[in-house]
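This is what each chain is made of:
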Amino acid sequence: MITELPVTTIAHAIQLAVAPVFLLTGVASILSVLTTRLGRIIDRSRILHGRSLQSVEASQAIQSELKSLKQRGRLIHWAIGLCTTCLLLICSVVAVLFLGSFIAFNMAVIASLFVAAMFCLIAALLNFICEIYLATSHVRGGP
């Protein structure tokens, strides 16, 4: 049961809970970059589909680029999902930290949520770097 607490206790609880919010801002910025990249992939794919419909014999280059765009889209899709999961886990950490000032929580819960958020962020960034590698492969002269 929650009883009346001094203002300093509530202020300290808010300070603890707000610390991960800076992480939220960083991950949200990454998410913004990812969604922009996905939009560009979709736009390019639509242009290429239009070109392939105009000519009966779609060139090998168009088909190859469409295949690459499909792979890139899949990687970005996973990265967006993982970043969103990371954001949800960080929000859960904030809520549990705040509630932990008033209700006894096992610290393992908070640590588990935070570690899970970091694993999601790591996986998202790995997908992102793979997508960048695919996107720049033609500049390097690769497939």
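In the block above lies the structure referred to throughout.
In this report, the structure presented in the accompanying data block is examined. (Residues numbered from 1 in each chain as written. Predicted model: local features only at pLDDT ≥ 70, side-chain atom pairs only at ≥ 80, totals over all residues. Heavy atoms only, no water.)

**Notes on the overall build of the protein**
When helices and strands are counted, the protein shows 5 helices and 0 strands. Going residue by residue from the N terminus, the α and β elements of the protein occur as α-α-α-α-α. (Helix = DSSP H or I, 4+ residues; strand = E, 2+ residues; numbered from the N terminus.)

**Thoughts on helix α4 (residues 107-135)**
The end-to-end C-alpha distance of α4, which contains 29 residues, comes to 42 Å, matching closely the 42 Å that a straight helix rising 1.5 Å per residue would cover. Inspection of α4 places Ile-110, Leu-113, Ala-117, Cys-120, Leu-121, Ala-124, Asn-127, Phe-128, Glu-131, Leu-134 and Ala-135 among the buried residues, and these make up the whole buried set. Among the residues of α4, the N-terminal cap falls to Asn-106, whose side-chain oxygen and the backbone nitrogen of Ala-108 are separated by 3.0 Å. (Expected span 1.5 Å × (residues − 1). Buried < 20%, exposed > 50% of the residue type's maximum accessible area, 1.4 Å probe, protein only. Polar contact = N/O pair within 3.5 Å; in protein donor to acceptor, adjacent residues only side chain to side chain.)

**Things to note about the nonpolar core**
What tends to happen in soluble globular proteins is that the nonpolar side chains get buried as a cluster. Val-27, Leu-34, Ile-76, Cys-83, Cys-86 and Ile-90 are the most contacted members of the largest nonpolar core, which has 28 residues in total. Only α2 (21-54), α3 (60-100) and α4 provide two or more residues apiece to this core. Ranked by residues supplied to this core, first place goes to α3 with 15 residues. (Core = buried A, V, L, I, M, F, W, Y, C linked by side-chain atoms within 4.5 Å.)

**Thoughts on the packing of α3 against α4**
Viewed as axis vectors pointing N to C, α3 and α4 meet at an angle of 160°, and their least axial separation amounts to 8 Å. One way to sum up the angle between α3 and α4 is to call them roughly antiparallel. Considering the relative orientation of α3 and α4, their crossing is left-handed. For the contact of α3 with α4, the class distribution of residues is 26 nonpolar, 5 polar and 2 charged. (Axes fitted to C-alpha atoms, helices over the stretch in contact; angles between N-to-C directions. Parallel < 35°, antiparallel > 145°, perpendicular 65-115°, else oblique. Left-handed = near helix turned anticlockwise from the far one by under 90°. Nonpolar A, V, L, I, M, F, W, Y, C, P; charged D, E, K, R; others polar.)

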